[in-house]
Amino acid sequence: MKALVLAGGTGTRLRPFSHTMPKQLIPIANKPVLVHVLDDIRAQGITEVGIVVGGYADDIAARLGDGSALDLRITYLHQDAPRGLAHGLLIAREFLGDADFVMYLGDNMLPRGIADIVADFRTGGADAQLAVQPVDDPRAFGMAELDDRQRVTRVVEKPAHPVGDLALIGVYVFSPRVHEAVAAIVPSARGELEITDAVQWLIAAGHDVRASHYTGYWRDMGTVDDMLECNRELLRTLTPSVAGKADEASELVGPVEIGADSRVVNSRITGPVSIGRGTVIEDSVVGPDTTIGDDCVLSGAGVSYSIVLDTATISGVEDLHGSVIGRSAQVVSADGDGRHHRLMVGDHARVYLLTT
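Parameters and conventions
- Within any chain, residue numbers begin from 1 and follow the written order of that chain's sequence.
- The model is predicted, so local features are restricted to residues of pLDDT at least 70 and side-chain atom pairs to those at 80 or more, both for listing and for counting; the totals for chains, interfaces and linings are taken over all residues.
- Only heavy atoms go into the side-chain values, all of them from the structure, while hydrogens and water stay out.
- Any two strands with at least two DSSP-identified bridges between them are counted as paired.
- A helix here means a DSSP run of H or I that spans at least four residues, while a strand means a run of E at least two residues long, and both kinds are numbered starting from the N terminus.
- Aromatic rings from Phe, Tyr and Trp, with only the six-membered ring used for Trp, were paired whenever their centres fell within 6.5 Å, and each pair was classed as stacked if the ring planes differed by under 30 degrees, edge-to-face if by over 60, and tilted otherwise.
- To sort residues, take the accessible area from a 1.4 Å probe on protein chains only and compare it with the maximum for the residue type: under 20% means buried, over 50% means exposed, and anything in between is partly exposed.

Let us now look at the sheet that holds strand S16 (residues 251-253). Across the sheet, five strands lie side by side as S16-S19-S22-S25-S28; this open sheet has parallel pairing. Where the open sheet ends on each side, the last strands, each with one partner, are S16 and strand S28 (320-321). As defined by bridge partners, strand S25 (residues 302-304) adjoins S28 across two bridges and the pair is classed as parallel. The residue bridging Ser-304 from the neighbouring strand is His-321, located in S28.

Another aspect to go through is the packing of aromatic side chains. Scanning the entire structure with this criterion turns up three aromatic pairs. Seen from their ring centres, Phe-141 and Trp-218 are 5.7 Å apart, and the 55° between their planes marks the pair as tilted. Taken together, the residues Phe-141 in the loop between strand S8 (128-134) and strand S9 (142-146) and Trp-218 in the loop between strand S12 (209-213) and strand S13 (219-220) connect sequence positions 77 residues apart. Under the relative-accessibility criterion, Trp-218 is labelled buried at 13%. Among the aromatic residues, those joined into a cluster by ring pairs are Phe-101, Tyr-172 and Phe-174.

Structure, rendered in structure tokens:
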């Protein structure tokens with residue numbers, strides 16, 4: 001079995017961060033979303049992975065290389081523009097050959113993992129296995145309708161009048177028969193080759209399409225709020241570890257991870273908190289539900305329920321909450337007025353907070 005990961009999306013709802021980095025590389029619990037996805041794939045015993053990449057192909061390749069650091073063999077498949085999920089299958093045809101394969105959206109987080117979905121496919125003999133989960137607003141998703149044997153009878157993309165509440169959540173397992181379906185469909189009204197059209201073709205042709213109910217936490221990294229909520233969810237399973245140093249004047253409460261060469265000085269860290277490598281935190285209060293990246297500097301800062309990306313600086317800002325601070329950004333208060341702040345600061349930005 002092989003895997004195909006779709007990572008060519010532009011992430012318009014994650015701006016300003018997606019202006020300077022692909023959304024699939026945004027870190028959640030100090031690990032890029034795409035690495036979480038690849039770890040899940042490797043856990044299924046799959047080592048050959050094709051990654052569909054777009055405008056940020058160089059960034060993704062620079063981070064992942066040939067995959068050997070993750071015990072994978074990665075092939076990059078270039079897509080000139082987002083043209084639909086089924087178009088990703090089209091350009092991956094040669095890579096996939098006649099193998100069964102998992103198709104996994106590269107901006108999806110399923111912390112429980114996809115083992116049950118893959119097992120259902122391997123034991124059930126279907127031509128397609130679709131991961132589904134109930135959602136509050138079915139109109140925002142591709143939807144699946146099932147019979148009483150969990151066979152899929154119909155799929156439709158973002159229906160105006162949905163029947164049921166089962167959304168397709170971005171993980172599919174296919175036999176090579178899906179390639180025939182992709183070759184048979186045409187672009188939708190929005191100009192894309194829709195995976196729902198390919199699946200519906202399989203159903204109409206009499207092939208066996210089944211659903212697997214995913215009962216764990218699932219999040220599509222579409223917005224900043226999605227990032228923060230998913231970061232909090234993953235931090236709930238954090239294993240405490242201190243590879244760096246915390247001095248005697250500091251207090252670590254609950255699960256706290258401190259990376260190598262990081263220092264915590266005269267500060268209180270309330271977990272769950274993950275701190276990367278080479279970071280300095282001094283005279284600060286951090287956490288809970290917070291991730292601080294590598295080589296950051298926090299001085300006289302207060303940060304909770306937030307994500308601070310690599311090499312960022314926060315100084316004299318005492319109440320940052322629900323914030324995302326980009327790479328190498330600088331957030332500085334002239335006098336530390338102590339008021340509550342929520343900031344979304346892109347890479348390399350400088351923000352000075354002044355009392356008027």
